[in-house]
Amino acid sequence: MSDKLVIFDTTLRDGEQSPGASMTRDEKLRIARQLERLKVDVIEAGFAASSNGDFECIKAIAEVIKDSTVCSLARASDRDISRAAEALKPANSGRLHLFLATSPLHMEKKLRMTPDQVFEQSKMSVRFARNLMADIEFSAEDAYRSDPDFLCRVFEAVINEGATTINVPDTVGYAIPELYGNFIKDLRERIPNSDKAIWSVHCHNDLGMAVANSLAGVKIGGARQVECTINGLGERAGNCAMEEIVMAVKTRKDYFDLDLGIDTKHILAASRLVSQTTGFVVQPNKAVVGANAFAHASGIHQDGVLKARDTYEIMRAEDVGWSNNKIVMGKLSGRNAFKLRLQELGVTMDSESEINNAFIKFKDLADRKSEIFDEDILALVSEENLAHSHDRYGLVSLSQHSETGEMPHATVIMTIDGKEVTGQSNGNGPVDASLKAIEANVKSGAEMVLYSVNAISGSTESQGEVTVRLQNSGRVVNGVGADPDIVVASAKAYLSALNKLFSQTERVAAQG
Ligand code: KIV
Ligand code: ZN
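The name an unreviewed UniProt entry assigns to the chain is 2-isopropylmalate synthase, from the organism Rhodoferax antarcticus ANT.BR. Looking at the chain in UniProt, the text filed under Subunit (unreviewed entry) is "Homodimer." Recorded in UniProt for the chain, the comment headed Sequence similarities (unreviewed entry) runs: "Belongs to the alpha-IPM synthase/homocitrate synthase family. LeuA type 1 subfamily."

Here's what the structure looks like:
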């Protein structure tokens, strides 16, 4: 058995299935590049047959990513598989990931297929895929709630047809670590050709055990691939968090004794990029990447860490990308220093004009804020990435008045398709008034389902980063905006969400 643990990242596919987490092509490309920098083994870039937008994203990622394998999901049908293979054509190394549900519930109620039909389709689809590509993964959707005898039959057959990775998803997050580990162990022991494939775990976090289940699948079950997402992004309670898996296996090498290809110092930048792109804020006490993950508040702990770090620290903060040197730049910093800092933070920009635009924003921010932190720069370039010249709505200026005992009032000047318009409104507070002033012009009819403000770098001098989630006609989008003025940040986030909601470009559709 190989002692390399394959890290399969599905932030861009399963992660994107979170409500509101859909990403544009450019956003996906940026995240894919960061995943490559992390040295992720496999990047699941999307689900090619689900939409033209997703097809194009996978193709674009396959064109630029050189070091990681690029993968597309496909239902177990010839049409889906052909489409995925077509999108992956430019890849240096490509993988087709086929899936078909095997649990009685899914087969009967969702697929309306008999077990024999599912068996046959699994086999034939792998046979078809094997003629197009050598690297084939087969997932039995809802495997953990499937009959083990039936799973053995299906897995043995697809391995015979040439599947090189066998994935055993806990699709609904129902598993318990020990049981899941033994489930995989039993399958591997019972299937005569199980050694011809790499076994993979894919755990959802509905009971908060996705990471624990995945690790049990590795330790007890002998799986050698973990499917995971940055920050545990994913629908419902999310997927298994990559940063937690990687740091658990690395920190407890004594126990797992497995090798990883991951360059862990890029973890934090990846976490921030995904959070800022999707608007899914990372909780402060989140393991590895939360703001408090390496903070010691109690005097006893601080004293201990100062005397000997490992009294209370089991990982080194800098190993996952935290730096002690928090203040990086200011008003006097030049373009070259800015460009260098972007590189150090793992941000690549496609052109000099993109860097120039980001630098103008940086200077503007430095005029208003004396200390510019890494977090500010990341928010700024993420916002830069979100603001497109073809956006329907743009913010020109905003003024609002609030005073104790008075009804807050806001006036907003904004552009709609390039034309300047003014809107005014009262509101419960300055943010409410400002967003209502925008609505006075837009009349979107959208419902706000989430509003959150986060201080990017801790203090009141920090930029506020606002996430707004809007829902309209069954579509859910997140908008993110950052500014030292949280009312302006709110307006930016709201406009960003509106632009996504009303964008004519086809958004990437997640699989159901
Ligand atoms: O959760 C799941 O079962 C999946 C499969 C498509 C792999 O995401
Ligand atoms: Zn999944």
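Caption draft 1: Representation of the packing of helix 8 (residues 210–219) against helix 9 (residues 242–251). Look at helix 8 against helix 9: their axes get within 10 Å of each other, and the N-to-C directions meet at 45°. The angle between helix 8 and helix 9 places the two elements in the oblique class. Between helix 8 and helix 9 lies a crossing whose hand is right-handed. When helix 8 is examined against helix 9, the residues Val 211, Ser 214 and Leu 215 are found in contact with a partner set consisting of Glu 244, Ile 245, Ala 248 and Val 249. Looking at the contact of helix 8 with helix 9 residue by residue, the classes come out as 5 nonpolar, 1 polar and 1 charged.

Caption draft 2: Looking closely at the nonpolar core. Among the nonpolar cores identified, the biggest contains 97 residues, and Leu 96, Phe 138, Phe 155 and Trp 199 are the most heavily contacted of them. Counting residues per element, this core draws most heavily on helix 6 (residues 148–160), at 8 residues. The residues touching Trp 199, leaving out its near neighbours within four places in the chain, are Phe 155, Ile 159, Ile 166, Val 168, Ile 184, Leu 187, Arg 188, Ile 191, Ser 194, Ala 223, Arg 224 and Gln 225.

Caption draft 3: Focus on the UniProt feature "binding site: Mn(2+)" (unreviewed entry) in the chain. Residues annotated by UniProt as "binding site: Mn(2+)" (unreviewed entry) correspond here to Asp 14, His 202, His 204 and Asn 239. Maximum C-alpha separation among the annotated residues is 10.3 Å over a sequence range of 226 residues, consistent with a single clustered spot. Positionally, His 202 belongs in strand 7 (residues 198–203). Contact partners of His 202, with chain neighbours within four places excluded, come to Thr 10, Arg 13, Asp 14, Asn 167, Val 168, Pro 169, Asp 170, Tyr 180, Glu 227 and Asn 239. Leave out the neighbours within four places in its chain, and His 204 touches Asp 14, Asp 170, Thr 171, Val 172, Gly 173, Ala 210, Arg 236, Gly 238 and Asn 239.

Caption draft 4: Fine view of the packing of aromatic side chains. As enumerated under the stated definition, the model contains 11 aromatic pairs in all. Ring geometry for Tyr 144 and Tyr 174: centres 6.4 Å apart, planes at 55°, overall tilted. Here Tyr 144, found in the loop between strand 5 (136–141) and helix 6, pairs with Tyr 174, found in the loop between strand 6 (165–170) and helix 7 (177–190); they are 30 residues apart in sequence, far enough to count as distant. On the accessibility criterion, Tyr 144 (14% relative accessible area) is buried.

Caption draft 5: Spatial organisation of the sheet that holds strand 11 (residues 393–401). With antiparallel pairing, the 3 strands of this open sheet are ordered in space as 11-12-13. Where the open sheet ends on each side, the last strands, each with one partner, are strand 11 and strand 13 (419–426). Strand-to-strand, the axes of this sheet are offset by a mean angle of 15°, without reference to chain direction. By the bridge criterion, 8 bridges tie strand 12 (residues 409–416) to strand 13 in an arrangement that is antiparallel.

Caption draft 6: The site of ligand 1, seen in detail. The environment of ligand 1 is made up of 12 residues, and the closest members are Arg 13, Asp 14, Thr 171, His 202 and His 204. Here an oxygen atom of ligand 1 and a side-chain polar atom of Thr 171 are 2.6 Å apart. Within the side chain of His 204, one N or O atom sits 3.0 Å away from an oxygen atom of ligand 1. Broken down by class, the residue content of the shell around ligand 1 amounts to 2 nonpolar, 7 polar and 3 charged.

Caption draft 7: Layout of unusual backbone geometry. Phi angles above zero are rare outside glycine, and Lys 443 is one such case at about 50°. On the secondary structure map, Lys 443 appears in the loop between helix 16 (430–442) and strand 14 (447–455). Given the relative accessible area of 63%, Lys 443 is considered exposed. One non-glycine residue, Ser 473, lies in the positive phi region at around 45°. Residue placement: Ser 473 occurs in the loop between strand 15 (464–472) and strand 16 (475–483). Note on Ser 473: relative accessible area 74%, which makes it exposed.

Calculation rules
Residues numbered from 1 in each chain as written. Chains lettered and ligands numbered in written order. Predicted model: local features only at pLDDT ≥ 70, side-chain atom pairs only at ≥ 80, totals over all residues. Heavy atoms only, no water. UniProt positions renumbered as here; feature names shortened; annotations may be inferred. Axes fitted to C-alpha atoms, helices over the stretch in contact; angles between N-to-C directions. Helix = DSSP H or I, 4+ residues; strand = E, 2+ residues; numbered from the N terminus. Parallel < 35°, antiparallel > 145°, perpendicular 65-115°, else oblique. Left-handed = near helix turned anticlockwise from the far one by under 90°. Contact = heavy atoms within 4.5 Å. Nonpolar A, V, L, I, M, F, W, Y, C, P; charged D, E, K, R; others polar. Core = buried A, V, L, I, M, F, W, Y, C linked by side-chain atoms within 4.5 Å. Buried < 20%, exposed > 50% of the residue type's maximum accessible area, 1.4 Å probe, protein only. Phe/Tyr/Trp six-rings, centres within 6.5 Å; stacked < 30°, edge-to-face > 60°. Pairing = 2+ DSSP bridges. Near = heavy atom within 4 Å. Polar contact = N/O pair within 3.5 Å; in protein donor to acceptor, adjacent residues only side chain to side chain.

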